[in-house]
Each structure stands twice: as structure tokens, then as C-alpha cells.
Amino acid sequence: MNTVIAIHDAIARRLMALAPAVLPTLARAVFAAVLLMYFWRSAATKLGDGVFGFISPSSGAYIQIFPKAAEAAGYDISQLGLFHWAVVTAGMWAEFLLPALIVAGLFTRLACLGMIGFVTVQSLTDIYGHGVTGGDLGAWFDGASGALILDQRAFWIVVLLVPVFLGGGPLSADRFLTAQRHNRATTLPT
């Protein structure tokens with residue numbers, strides 16, 4: 001029995017030593033495989049027409065992000081104010097930029113925290129703005145794992161928390177930039 005425990009402990013030590021490199025890299029890869037295009041396609045629906053579409057969101061963007069305000073304005077987006085424009089534009093940019101930063105591993109911790117905030121706001125908008133209830137909302141500890149809000153987005157957030165705690169991993173722009181700064185600091189004359 002002692003041999004089994006010793007083997008278990010040796011394997012556990014090796015896995016723990018690998019975790020800081022493997023887990024954030026896998027988390028970013030899974031994010032890229034599962035969520036990158038989801039967010040980019042969503043952001044693309046918010047782009048307005050023409051070359052300045054990135055600062056002039058589509059009316060659909062307002063309807064997605066502020067469904068009740070858009071409805072109250074009779075879907076005449078011109079009746080919504082600067083606050084609505086700023087939130088919709090920032091949300092659209094966030095859907096493009098934050099996933100790209102996560103995949104590149106650049107400012108990974110901040111980008112992941114931003115995405116966690118984005119997913120939280122997205123979920124609250126779905127629940128309170130669009131009235132998502134029942135099966136799509138789901139419930140934890142119910143034995144069903146396919147609900148869009150509570151089940152799937154909980155997994156999204158856990159995947160995003162790995163790089164928040166462990167950084168971008170060895171295959172990240174953050175690691176490269178840190179190594180560059182370290183190399184410059186050690187080669188500077190004293």
C-alpha cells in the first residue's frame with residue numbers, strides 16, 4: 001500500500017509542477033476553440049454600416065444590449081442618449097478586443113477579468129432584459145447540464161479564471177514581453 005501511495009504522490013507532484021504551464025495554455029486554447037468565433041460573430045452583428053461602423057453601432061446592437069430601452073423608444077435608436085451609445089460601442093469593442101487579447105495571451109489577466117465582467121453583464125441582460133427563464137436559464141444542482149445561462153456560462157467563467165490566477169502560460173505574449181523586460185534589465189549597465 002505504501003508503494004501505491006508513493007507512486008500517487010510522485011505523479012501528483014509532477015502534475016502540480018506542470019499545472020502553471022499547462023492549465024492556462026489549455027484554458028486559452030479552449031477559449032479560442034469554443035468562444036472566440038462566438039464573440040466575434042456577436043460583435044459583427046453590432047457593427048454599423050460603412051467605414052465608421054465601429055463607432056456607429058447598428059440598431060440591432062442597441063436592441064441586443066438595451067432591449068427594454070429600445071422598445072420604450074419605439075425602436076427609434078436616435079432617441080437613446082450618449083450613455084446608451086457609449087455602452088453599446090464599448091460592448092462591441094470588448095467583444096472584438098478581449099477575446100483577441102486572451103487568445104494572444106496579451107494582458108491576459110486583465111482581458112480575462114474583462115470577459116468575466118462581459119459574460120456576467122451578458123447573462124444579466126439575457127435574464128432581465130430579454131426575459132430568459134426556464135430551461136434556457138437553468139438551475140444549478142438540477143442534474144441537467146445544458147442550460148444556456150447558469151450551466152454553460154459558469155463553465156466559461158471557470159475557464160477564464162484559470163488565466164486570471166495563473167497568467168497566460170508559457171505560450172503567451174505576456175510571457176514573451178516579460179522575458180524581454182527581464183533580459184533588458186539584466187543587460188543594462190549598472
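The preceding data block contains the structure.
The shown structure was predicted, so the numbers you read here are calculated from the model rather than taken from an experiment.

Peer 1: Describe the overall build of the chain, listing the residues and the values that go with them.
Peer 2: Helix and strand content of the chain: eight helices and zero strands. In the chain, the succession of α and β elements from N to C terminus is α-α-α-α-α-α-α-α. Its C-alpha atoms give the chain a radius of gyration of 21 Å, more than 25% over the compact-globule value 16 Å for 190 residues. Over its C-alpha atoms, taken along the principal directions, the chain stretches across nearly 70 × 60 × 25 Å. Taken over 190 residues, the chain has a buried fraction of 31%. When contacts within the chain are restricted to residue pairs at least 6 apart in sequence, long-range pairs at least 24 apart make up 63% of them. Carbon and sulfur atoms form 71% of the exposed surface of the chain, whose accessible area is close to 11800 Å². Both charge centroids of the chain, one from 11 positive and one from 10 negative side chains, sit 18 Å from each other.

Peer 1: Any details on the packing of aromatic side chains? Residues and values, ideally.
Peer 2: Counting across every chain of the model gives seven aromatic pairs. Ring plane angle 80° and centroid distance 5.8 Å describe the contact between Phe39 and Phe118, whose orientation is recorded as edge-to-face. Linking Phe39 in helix α1 (residues 2–46) with Phe118 in helix α5 (residues 108–129), this pair joins segments that are 79 residues apart in sequence. Overall, the relative accessible area of 0% leaves Phe39 in the buried class. Counting every residue linked through ring pairs, the aromatic cluster contains Phe31, Tyr38, Phe39, Phe118 and Trp156.

Peer 1: Can you tell me about unusual backbone geometry, naming the residues and giving the values?
Peer 2: Non-glycine residue Tyr75 carries a positive phi angle of around 60°. In this structure, Tyr75 sits in the loop between α3 (67–72) and α4 (82–104). Positive phi, close to 50°, is recorded for Phe107, a residue that is not glycine. Turning to its location among the elements, Phe107 is positioned in the loop between α4 and α5.

Basis of the calculations
- Residues numbered from 1 in each chain as written.
- Predicted model: local features only at pLDDT ≥ 70, side-chain atom pairs only at ≥ 80, totals over all residues.
- Heavy atoms only, no water.
- Helix = DSSP H or I, 4+ residues; strand = E, 2+ residues; numbered from the N terminus.
- Rg over C-alpha atoms; globule rule 2.2 N^0.38 Å.
- Buried < 20%, exposed > 50% of the residue type's maximum accessible area, 1.4 Å probe, protein only.
- Contact = heavy atoms within 4.5 Å.
- Areas by Shrake-Rupley, 256 points an atom, 1.4 Å probe, with all protein chains shown as cover.
- Lys, Arg positive; Asp, Glu negative; His and termini not counted.
- Charge placed at Lys NZ, Arg CZ, Asp CG, Glu CD.
- Phe/Tyr/Trp six-rings, centres within 6.5 Å; stacked < 30°, edge-to-face > 60°.

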